Amino acid sequence: NESANLRPLVDALIPVLEGCDVTFEAIFIDDGSTDGSWETIRAICNADSRFQGLSFSRNFGKEIAIAAGLDHARGKAVVIMDADLQHPPELIRNFIAKWREGYKNIYGQRMDRVTDPELRNFLTRVFYRVLDRFGDTPLPPGSSDFRLLDRQAVDALLKLRERARFNKGLYAWIGFKTCGVPFEMRRRGSGSTKFDYGKLFSFALDGLMSFSALPLKVWTYVGLAVSGFALSMAGFYGIRTMLFGVDVPGYASLIVSIAFFAGMQLISLGVQIGRAHV
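Rules of the game
- Here the residue numbers are simple positions, counted from 1 along each chain's written sequence.
- Given that this is a predicted model, residues contribute local features only at a pLDDT of at least 70 and side-chain atom pairs are listed and counted only at 80 or more, while totals for whole chains, interfaces and linings are drawn from all residues.
- Excluding hydrogens and water, the side-chain figures rest on all heavy atoms present in the structure.
- Only protein chains enter the accessibility calculation, which uses a 1.4 Å probe; a residue whose area is less than 20% of its type maximum is buried, one above 50% is exposed, and one in between is partly exposed.
- Only DSSP runs of H or I with at least four residues qualify as helices, and only runs of E with at least two residues qualify as strands; both kinds are numbered from the N terminus onward.
- To be clear, the arc concerns the directions from the helix axis to the C-beta atoms.
- Contact between two residues is taken to exist if any of their heavy atoms lie within 4.5 Å; hydrogens are not considered.
- Centres within 6.5 Å are what make two rings of Phe, Tyr or Trp a pair, Trp counting through its six-membered ring; a difference in plane orientation under 30 degrees is then read as stacked, over 60 as edge-to-face, and the rest as tilted.
- Note on criteria: charge over ring means Lys NZ or Arg CZ within 6 Å of the ring centre, with the direction from the centre no more than 35 degrees off the ring normal.
- Here, nonpolar core refers to any group of buried Ala, Val, Leu, Ile, Met, Phe, Trp, Tyr and Cys residues whose side-chain atoms link them within 4.5 Å.
- Here the expected length of a helix is defined as 1.5 Å per residue gap, with one fewer gap than residues.
- For the purposes of these results, a polar contact is taken to be a pair of N or O atoms within 3.5 Å, where, inside protein, one atom must be able to donate a hydrogen and its partner to accept one; residues adjacent in sequence count only when each atom of the pair is a side-chain atom.

Quick notes on helix α6 (residues 151–158)
Taken as a whole, α6 has its buried residues at Ala153, Val154 and Leu157. Buried residues of α6, viewed axially, fall in a sector of 100 degrees; they line one side. Residues of α6 that are buried in the fold lie against α3 (62–72), β3 (77–80), β5 (143–150) and α7 (167–174).

Printed below as a string of structure tokens:
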């Protein structure tokens, strides 16, 4: 839903890319828009064959949209950017200069978050601190989806076909010669962000599940604790029954069985999370 921003974006992109001494194609990914974005994209593509569009049958989310763009991009290098004018097209010149120096994974490094609400800034800081503390793959500070990837890095990403994707983690995980290019995020050209707090929470869970063993450890420890409690209760009621007889037939065995089953289920959940993590 960025119809009002698409033509200004094209007007800003063309002189930048033409001035970089490269041939280029630009692919718009329409992630289930309902505001006429697709009609605008088709008009842009009809007017300039260097622009192409891909329309989804419904909204699949930003991470899948990025993956689809990488699937269809054919260049020796690929730049990923948002269509809301917050990513300055002029930075692509710096990306290409670094790429020509031999870097294969060049990311835009956000120097501030003044365009984000204070609550979102706070939650973002908390998430990245947790991921830095417990994650298996360190993320460069301030790294964004706005970046240039060499064809070799793109091909490596295309081999990773996760459905629940956390692209920032995948960019870091594939490695290659990496550097950051500092930039200041601009304010949106028109409209409002589509990333509400519900989507951000789901995005954070995907990141933690994919790049941290913490969920595996938590649920395994909880399951072991519950199962250990169930076994302790079994021993207690067994000794109590032998000494004092049965008060309520079946009651103790039922409680112990439920607790033990719950513990085993939690351990199983931890194993499943671990398999997804691997």
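Overview of the packing of aromatic side chains
Two aromatic rings, taken as a pair, are described by how far apart their centres are and by the angle between their planes. In the structure shown here, the tally under the stated rule is five aromatic pairs. A centroid spacing of 5.7 Å and a plane angle of 85 degrees characterise the contact between phenylalanine 146 and phenylalanine 183, whose relative ring orientation is edge-to-face. Taken together, the positions of phenylalanine 146 in strand β5 and phenylalanine 183 in strand β6 (residues 178–183) put the pair 37 residues apart, joining distant regions of the chain. Neither phenylalanine 146 nor phenylalanine 183 differs from the other in exposure class; each is buried. Through a chain of ring-to-ring contacts, three or more aromatic side chains come together here, namely Phe24, Phe28 and Phe51. In this arrangement the basic side chain of lysine 177 is found over the ring face of tyrosine 103, its NZ or CZ atom lying 4.6 Å from the centre.

Considerations on the nonpolar core
Core analysis: the largest hydrophobic core is formed by 26 residues, its most contacted members being Phe28, Phe51, Ile92 and Phe95. Contributions of two or more residues to this core are made by α1 (3–18), β1 (26–30), α2 (37–47), α4 (91–100), β5 and β6. Sorting elements by how many residues they give to this core places α1 first, with seven residues. Excluding residues that lie within four positions of it along the chain, phenylalanine 28 makes contacts with Leu6, Leu9, Val10, Ile41, Ile44, Phe51, Gln52, Gly53 and Leu54. If you look at the next biggest cluster of nonpolar residues, it comprises 13 residues, including Val78, Ala153, Val154 and Leu157.

Details of α1
Taking 1.5 Å as the rise per residue, α1 with 16 residues should run 22 Å; its terminal C-alpha atoms sit 24 Å apart, in good agreement. Taken residue by residue, α1 has Asn5, Leu6, Leu9, Val10, Leu13, Ile14, Val16 and Leu17 as its buried positions. Packed against the buried residues of α1 are β1, α2, β2 (51–55) and α4.

Topic: the side chain of histidine 87
The topology assignment puts histidine 87 in the loop between β3 and α4. For histidine 87, the side chain forms a polar contact with the main-chain nitrogen of aspartate 82, separated by 3.0 Å. Residue contacts for histidine 87: discarding those within four places in its chain leaves Met81, Asp82, Phe146, Phe183 and Met185.

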